[in-house]
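Chain residues, written in single-letter form:
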Amino acid sequence: MLPFLDHFLDSLNMSRTSFRVYIFAAVILMFCLIMCRTIFKMATYIYAYIINARRLRCFPEPPRRSWLLGHLGMFMPTEEGLTEISSAICNLRRTLLTWLGPIPEVSLVHPDTVKPVVAASAAIAPKDELFYGFLRPWLGDGLLLSRGEKWGQHRRLLTPAFHFDILKNYVKIFNQSTDIMLAKWRRLTAEGPVSLDMFEHVSLMTLDTLLKCTFSYDSDCQEKPSDYISAIYELSSLVVKREHYLPHHFDFIYNLSSNGRKFRQACKTVHEFTAGVVQQRKKALQEKGMEEWIKSKQGKTKDFIDILLLSKNEDGSQLSDEDMRAEVDTFMFEGHDTTASGLSWILYNLACHPEYQEKCRKEITELLEGKDTKHLEWDELSKLPFTTMCIKESLRLHPPVVAVIRRCTEDIKLPKGDILPKGNCCIINIFGIHHNPDVWPNPQVYDPYRFDPENLQERSSYAFVPFSAGPRNCIGQNFAMAEMKIVLALILYNFQVRLDETKTVRRKPELILRAENGLWLQVEELKR
Ligand code: HEM
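Residues numbered from 1 in each chain as written. Predicted model: local features only at pLDDT ≥ 70, side-chain atom pairs only at ≥ 80, totals over all residues.

The protein carries the name Cytochrome P450 family 4 subfamily F member 22 in an unreviewed UniProt entry, which gives Xenopus tropicalis as its organism. Quoted verbatim from the Subcellular location (unreviewed entry) heading of the UniProt record, the comment on the protein is "Endoplasmic reticulum membrane". (UniProt positions renumbered as here; feature names shortened; annotations may be inferred.)

**Student:** When you look at helix 9 (residues 164-188) in this model, what are you seeing that I'm missing?
**Tutor:** Along an α-helix, residues three or four positions apart point the same way, because every turn accommodates 3.6 residues. For helix 9, with 25 residues, the first-to-last C-alpha span of 36 Å sits near the 36 Å given by 1.5 Å per residue. Along its length, helix 9 reaches its greatest deviation from straightness, about 30°, at Y170. The set of residues buried in helix 9 consists of L167, Y170, V171, I173, F174, S177, T178, M181 and L182. Residues of helix 9 that are buried in the fold lie against helix 10 (198-215) and helix 21 (477-494). (Helix = DSSP H or I, 4+ residues; strand = E, 2+ residues; numbered from the N terminus. Expected span 1.5 Å × (residues − 1). Bend = angle between axes of the 7 residues up to and from the residue. Buried ≥ 20, exposed ≤ 12 C-beta atoms within 10 Å, placed from the backbone. Contact = placed C-beta atoms within 7 Å.)

**Student:** Where do I start with the site of the ligand in this structure?
**Tutor:** The immediate surroundings of the ligand are formed by 22 residues, with E334, G335, T338, C474 and G476 found nearest. Within the residue set of the shell around the ligand, elements represented by two or more residues are helix 16 (321-352) and helix 21. It is helix 16 that provides the largest number of residues to the shell around the ligand, a total of seven residues. When its residues are assigned to classes, the shell around the ligand shows twelve nonpolar, seven polar and three charged. (Near = placed C-beta within 6 Å. Nonpolar A, V, L, I, M, F, W, Y, C, P; charged D, E, K, R; others polar.)

**Student:** How do you make sense of the pairing of strand 3 (residues 404-407) when you look at a structure like this?
**Tutor:** Each regular strand displays side chains that alternate between the two surfaces of the sheet. Residues of strand 3 alternate between two faces, with V404 and R406 buried on one and I405 and R407 left unburied on the opposite face. As paired elements, strand 3 and strand 6 (residues 425-428) share four bridges and run antiparallel to each other. Residue pairing for strand 6: R406 is matched across the bridge by C426. (Pairing = 2+ DSSP bridges.)

**Student:** Explain the nonpolar core here, please?
**Tutor:** As a rule of thumb, soluble globular proteins bury nonpolar side chains together. Of all hydrophobic cores here, the largest spans 91 residues; its most connected members are I346, L347, L488 and L521. Residue contributions to this core peak at 14 residues, all from helix 16. Setting aside its immediate chain neighbours within four residues, I346 contacts C390, I391, S394, M484 and L488. Listed in part, the 28 residues of the second largest apolar core include F431, I433, V465 and L511. (Core = buried A, V, L, I, M, F, W, Y, C linked by C-beta atoms within 7 Å.)

Okay, here's the thing in structure tokens:
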């Protein structure tokens, strides 16, 4: 049947039976090798899990089944666990690491390791990994998900939109949106203190702010429901549900599911809204002409879409409609939940520590007392040093984004000499870094004095990375810090927040760090 094979075996002086035995042995050997590799890899994970769980105690709350998947990421081999394992294997380190292939999701928890990874991560694509992929149908090729040359070009184009001269103009909006929330709180607490879910109230307020800063759109969403806002909420929750349910990781199955259909519908609502505003604005610009249009904006706050319309690349080209839509959707996604999470946890930490809350209030009162309008100006934001320390310490203890993913673009040397091979994916475990006892003594303790300028010197700049770090850090961090300072100042000036003893607060890492069943605090108006 196979004259060629017979000829070949004759030339080797080998019978067909012996040939079959050899082939069989080779297959068994290959199978054993693959099994060894898999077993070894699994043992590595289990060992690292035990080491990390013991050493780092990332999340004090035991994981619940529903979010075990997301939670496991926190315990994937940290570079320390990995070092210990590979040290045990001793000289074969490099060879073994290479042989094992890319070790998925090594979780980086030390500033020295994070530094080379984020520094090299400008043009790479961390973004096509599992989780980022789920966001793509919604956010398109916006700044968060784009890569390479396109990312570089857009980042250069968008950076001026976050210049202090532009951010200054948003201060009025931050004050106004907070006033709306506080008016609501006044109504709710008219009869006495009540317990409110901070996430619910604060995230509506941050969305309201973003809609005004991005589109100049007053949706009144803090008072009445809005389709666009509901769609954004739905998209955020559907992405998390998809991540936690393994069969839905496959596009084919997800698209057929009811959640997949809801996701498509919500994407449609959001995209139509954004594209509509972009179109309208472009039309107005074309009708008026550039000069007249710029004149009409003088003395008014330029929103984010205005700035995008005026931006040009080095070659004079502008963003296409599609790119503009993607950038706006990305800002709405990146900018509201993160800031809401940051603010909710700050209020929680200050409720846990009334002495710090009182100290912030004193600082804020000194600034606002004697002013006609109890609003903060841009220049006053630097006059709240203790409040800023409290905000930073809360971002350390409860970072809104718990982790980001990067792929190494080069071999990365770990502190103890081991190598993370190029191409390996790693989790920059922001939560882990912020809770690493080697960097932060007593990491679970809320102590704003860690951020006293006197204590900053000896700490690595990669020890505190709530906004990530390196060229691909958060473009909106100054926006977020300004907003958080203003909102916090106005809340503390007008209200007292206390823990609600009837509700337990448990951290719940999703897209952002949430609280299981909401974050309920007792709110009481201060009589001045
Ligand atoms: C407390 C609030 C915020 C936190 C903690 C935060 C955190 C982060 C982090 C950790 C990243 C890196 C994500 C990654 O690489 O996967 C990021 C990226 C980004 N953030 Fe923020 N963010 C906040 C507020 C904002 C705001 C207010 C905006 C816009 C208005 C914004 C816009 C963005 C964008 C566009 C990116 C992608 C940047 C790029 O890849 O070049 N963020 N943010």
